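Architecture and fold: a report
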Amino acid sequence: SGSDKLVKIWHAETGAEVRTLRGHSQCVGQVAFSPDGAQVFTGSGDCTVRFWHVGSGLQTHQLAGRRFTLVEGPSHGRKRVRHILTELDDTLRIYQ
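A few points on the structure.

With that settled, the discussion passes to the packing of aromatic side chains. This model, assessed by the stated rule, comprises one aromatic pair. Ring geometry for Phe41 and Phe51: centres 4.9 Å apart, planes at 90 degrees, overall edge-to-face. Remark: Phe51 occurs in strand E5 (residues 48-53) and Phe41 occurs in strand E4 (residues 39-44); sequence separation between them is 10 residues. One exposure class covers both Phe41 and Phe51, and it is buried.

Here is the structure:
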């Protein structure tokens, strides 16, 4: 992620670029993957968090209109990690 508004996904073993995600209108400063690696969540200065399907590169959901901080919640054994969005108005939202 970076100031070019793009998110690039790289193959961990080969280092080859796998996919480029486009859609943010400002720099992307936050990226988190789902535990199974099938989804990626990106946060940007454009006040959006976007949900992407890694395999297809398609955006599946978007939260807009507020400033978010994207963090990963705790993991307990095989349970899913929760993705937590905190807003500047002190609202906490949890997505699984």
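Once that is clear, we can look at the pattern of salt bridges. For the structure shown, the criterion picks out two salt bridges. For Glu17, the salt bridge goes to Lys8, with nearest N and O atoms at 3.5 Å. Between Arg50 and Asp46 there is a salt bridge, with its nearest N and O atoms 3.7 Å apart.

Within the secondary structure layout, Asp46 lies in the loop between E4 and E5. Given the relative accessible area of 14%, Asp46 is considered buried. Side-chain polar atoms of Asp46 contact the side chain of His24, separated by 3.2 Å. Each residue touching Asp46, except ones within four places of it in the same chain, is listed here: His24, Ser25 and Gln26.

Reading the values: the criteria
- Residues numbered from 1 in each chain as written.
- Predicted model: local features only at pLDDT ≥ 70, side-chain atom pairs only at ≥ 80, totals over all residues.
- Heavy atoms only, no water.
- Phe/Tyr/Trp six-rings, centres within 6.5 Å; stacked < 30°, edge-to-face > 60°.
- Helix = DSSP H or I, 4+ residues; strand = E, 2+ residues; numbered from the N terminus.
- Buried < 20%, exposed > 50% of the residue type's maximum accessible area, 1.4 Å probe, protein only.
- Salt bridge = Lys/Arg side-chain N within 4 Å of Asp/Glu carboxyl O.
- Polar contact = N/O pair within 3.5 Å; in protein donor to acceptor, adjacent residues only side chain to side chain.
- Contact = heavy atoms within 4.5 Å.

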